[in-house]
Amino acid sequence: MIVVSDTAALAEHLTPLRDRADTIAFVPTMGNLHDGHLALVHQARAVADTVVVSIFVNPMQFAAHEDLDTYPRTLDNDLSTLREASVDLVLTPSADAVSYTHLTLPTK
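Residues numbered from 1 in each chain as written. Predicted model: local features only at pLDDT ≥ 70, side-chain atom pairs only at ≥ 80, totals over all residues. Heavy atoms only, no water.

Draft legend 1. Helix 2 (residues 35–47), seen in detail. A rise of 1.5 Å per residue sets the reference length of helix 2, with its 13 residues, at 18 Å; its end C-alpha atoms lie 19 Å apart and thus fit the reference within 8%. Buried within helix 2 are the following residues: His37, Leu38, Val41 and Ala44. Buried residues along helix 2 cover an arc of 115 degrees about the axis, so they all sit on one side. Exposed positions of helix 2 whose direction lies more than 90 degrees from the buried face are Asp35, Gln43, Ala46 and Val47. Contacts from the buried residues of helix 2 go to strand 2 (24–29), strand 3 (50–55) and helix 3 (75–84). (Helix = DSSP H or I, 4+ residues; strand = E, 2+ residues; numbered from the N terminus. Expected span 1.5 Å × (residues − 1). Buried < 20%, exposed > 50% of the residue type's maximum accessible area, 1.4 Å probe, protein only. Arc of directions from axis to C-beta. Contact = heavy atoms within 4.5 Å.)

Draft legend 2. Representation of the side chain of Asp78. With respect to the secondary-structure elements, Asp78 resides in helix 3. Not counting residues within four places of it along the chain, the set of residues in contact with Asp78 comprises Gly31, Asn32, Leu33 and Ile55.

Draft legend 3. Structural view of the nonpolar core. Of all hydrophobic cores here, the largest spans 15 residues; its most connected members are Val41, Val53, Leu82, Val87 and Val90. Counting residues per element, the ones that place at least two in this core are strand 2, helix 2, strand 3 and helix 3. The residues contacting Val53, other than those within four sequence positions of it, are Val27, Thr29, Val41, Leu82, Val87, Leu89, Val90 and Leu91. (Core = buried A, V, L, I, M, F, W, Y, C linked by side-chain atoms within 4.5 Å.)

Draft legend 4. Examining the pairing of strand 3 more closely. Judged by how many residues are buried, strand 3 sits mostly within the fold: six of six residues are covered. A two-sided burial pattern is seen for strand 3, the buried positions comprising Thr50, Val52 and Ser54 on one face and Val51, Val53 and Ile55 on the other. One ladder, built from six bridges, connects strand 2 with strand 3; its direction is parallel. Across the sheet, Thr29 pairs through a bridge with Ile55, a residue of strand 3. (Pairing = 2+ DSSP bridges.)

Draft legend 5. Region of the structure containing the side chain of Ser54. With respect to the helices and strands, Ser54 occurs in strand 3. In this structure Ser54 touches Phe26, Val27, Pro28, Thr29 and Leu91, once residues within four positions along its chain are discounted.

Draft legend 6. Representation of the confidence of the model for the protein chain in the model. Per-residue confidence for the protein chain averages 87 on the pLDDT scale, and 91% of its residues sit at or above 70. When mean pLDDT is taken per element in the protein chain, helix 2 scores highest with 97 and helix 1 (residues 7–19) scores lowest with 89. (pLDDT = per-residue confidence, 0-100.)

Draft legend 7. Quick peek at the pattern of salt bridges. Summed over all chains, the structure comprises two salt bridges. Here Arg20 makes a salt bridge to Asp22, at a shortest N to O gap of 2.6 Å. Residue classification places Arg20 among the exposed positions, given a relative accessible area of 56%. One salt bridge connects Arg45 with Asp88, and the closest N-O pair in it is separated by 2.6 Å. Residue Arg45 is found in helix 2, and its partner Asp88 is found in the loop between helix 3 and strand 4 (89–91); the two are separated by 43 residues along the sequence. We classify Arg45 as partly exposed; its relative accessible area is 27%. Relative accessible area serves as the criterion here: at 28%, Asp88 is assigned to the partly exposed category. (Salt bridge = Lys/Arg side-chain N within 4 Å of Asp/Glu carboxyl O.)

Written out as structure tokens, the structure is:
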């Protein structure tokens, strides 16, 4: 399993797969994985050649009265769980690395 922290590194790994016309499934999460996330991962594995999961705690998803700082961050456990689920790539960007206006991956 490959873990990358930015979209440029993700694109570097995905480009050869796209060139081969492999199918790629993407499962976005905020981490702290549970059975619902794993069901999505297993479905992705059933329909795609490559499974990519993101773990990104998005500050924009928290209202002013909600506490972003107390959201559970269980990265080591999540990565272990994803490795056991045969995930191919995991994207773990920081909030600074994500543009909130758009997120662009290179296309063919």
